[in-house]
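If you want the building blocks of each chain, they are given just below.
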Amino acid sequence: MSPLELGEVTVTRVIEIDRSSFPTLSMLPDSTPDAIARHHHWLRPHFWDDRTGDLGSRIGTYVVKTPRHTVLIDTGVGNDKPRDGSPAWHMRRGAYLDDLRAAGVAPEQVDVVLCTHLHIDHVGWNTRSVGDRWVPTFPNARYVFAGEEWEFWRHEKDACIADSVVPVVEAGQAALVDADYAVDDWLRLEPTPGHTPGHISVRLRTSAGEAVFSGDLMHRTVQVAEPQWSSRFCYDPAKARATRRAFIEVHADSGVLILAAHFPTPGFIVRKDGGFRFAPMNGR
Ligand SMILES: [Zn+2]
């Protein structure tokens, strides 16, 4: 994605991993090949990946530069982290920090890190390995977590909480906030629960219009047309479904740009033929 200028705000994307470890049929257990194929006519080519023969997917970070702050939204999988059962994520040695620098951001320049939720593919670069410790990757950043999300995960035994979230809290860099917290005049959190208990989206308001970073409210573009399909990783699939439906209804034909964590490209939710579709921004 080339940098987006939205009025006084710039949005770029640093892609850490350019495909999913999970085929769509596995990620969305209620989907079927026939039901997905009915949407191929609008899913191709923008949301399709010919390398995998499946819907496109990405893991990474949105970098938002407001007039006040340099903000990272979600931090991918991370390097050097033991992730048994996920070969593509296990002990990675990726070039994420180089790619972040190429996007114009050195680690010490990051003011705020926002995690839409505390899953393994959204918190990884919160920390990096130094000696035998995990330290915050962004030394001058405030890490903003929804308090409800932290309260849920702090009692779980997930490796990614232990190596990518707890060290940030222990370093005193975490801000545990309400789900409607305002970062500055441009960015504000909104609760979008279901995928996880405290999942949030981030609304961007600029002089040139609005955008929403919707995290894992949706994983694949086909869910815009089939919002009843929750992912295999949703904590509360029924609530995720209700949140997703409401989000799609509200944003359809609104002109609000949707930047989902895993979609291959930003775009817009549009009404078409009695249903909904995702439309790429300028065909990018
Ligand atoms: Zn995710």
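Note that this is a predicted model, so its numbers are computed, not measured.

A. Structural detail: unusual backbone geometry. Pro 45 follows Arg 44 through a cis peptide bond whose omega is 0 degrees. Along the chain, Pro 45 falls in the loop between α3 (40-43) and β3 (48-49). Positioned with a positive phi, Asp 74 is a non-glycine residue whose angle comes to about 70 degrees. Residue placement: Asp 74 occurs in the loop between β6 (70-73) and α4 (96-102). Residue Asp 74 is classed as buried on the basis of its relative accessible area, which comes to 3%.

B. Region of interest: the coordination of the zinc ion. With distances of 2.1 to 2.3 Å, the protein atoms coordinating the zinc ion are Asp 121 (OD), His 122 (NE2), Asp 216 (OD) and His 262 (NE2). For the zinc ion, the 4 donor atoms in the first shell make angles of 85 to 164 degrees at the metal, a pattern classed as irregular. As a motif over one chain, the donors of the zinc ion read D-H-x93-D-x45-H. Of the two residues, Asp 121 is situated in the loop between β7 (112-114) and β8 (127-130) and His 262 in the loop between β15 (257-260) and β16 (267-272); the sequence distance between them amounts to 141 residues. In this pair, the class of Asp 121 matches that of His 262, namely buried.

C. Seen up close, the pattern of salt bridges. One pass over the full model with this rule turns up 12 salt bridges. Between Asp 49 and Arg 51 there is a salt bridge, with the nearest N and O atoms lying 2.7 Å from each other. Judged by its relative accessible area of 7%, Asp 49 is buried. Overall, Arg 51 belongs to the partly exposed group, its relative accessible area being 45%. Glu 249 is the salt-bridge partner of Arg 271, the closest N and O atoms lying 4.0 Å from each other. Of this pair, Arg 271 sits in strand β16 while Glu 249 sits in helix α8 (residues 237-251), placing them 22 residues apart in sequence. The class of Arg 271 is partly exposed, set by a relative accessible area of 46%. Taking relative accessible area as the criterion, Glu 249 reaches 44% and is therefore assigned partly exposed. Linked through salt bridges whose partners overlap, the residues forming this network are Asp 18, Arg 19, Asp 49 and Arg 51.

D. Region of the structure containing the pairing of β6. By the alternation rule, side chains of β6 split into Thr 70 and Leu 72 and Val 71 and Ile 73, which are all buried. Relative to β6, strand β5 (residues 59-65) runs antiparallel, the two being bridged by 4 bridges. The residue bridging Lys 65 from the neighbouring strand is Thr 70, located in β6. Here β5 folds back onto β6 in antiparallel fashion, the turn holding 4 residues. As paired strands, β6 and β7 are joined by 3 bridges and run parallel to one another. Of the residues in β7, the one forming a bridge with Val 71 is Val 112. Assessed by its sense of winding, the connection that carries the chain from β6 through α4 to β7 is right-handed.

Rules used throughout
- Chains are numbered independently. Their residues run from 1 in the order of the written sequence.
- Under the rules for a predicted model, residues below a pLDDT of 70 receive no local features and side-chain atom pairs below 80 are neither given nor counted, while totals for whole chains, interfaces and linings still include all residues.
- For side-chain calculations, the full set of non-hydrogen atoms in the structure is used, while hydrogens and water are omitted.
- Put simply, DSSP H or I for four residues or longer makes a helix, DSSP E for two residues or longer makes a strand, and each gets a number counted from the N terminus.
- A simple rule labels every residue: compare its accessible area, found with a 1.4 Å probe on the protein chains alone, to the largest value its type can have, and call it buried under 20%, exposed over 50%, or partly exposed in between.
- Metal donors: N, O and S atoms at distances within 2.8 Å, or within 3.2 Å for Na, K and Ca, with water omitted from the atom set so that some sites may seem incomplete.
- Think of it this way: with four donors and all angles in the 85 to 135 degree range, the site is tetrahedral; with four or six donors, opposite ones beyond 155 degrees and the rest between 65 and 115, it is square planar or octahedral; otherwise it is irregular.
- Every case where a carboxyl oxygen of Asp or Glu lies within 4 Å of a side-chain nitrogen of Lys or Arg is listed as a salt bridge.
- Strands qualify as paired when DSSP identifies two bridges or more between them.
- If you view a crossover with the strands going away from you and the path from the first strand over the helix to the second runs clockwise, you call it right-handed.

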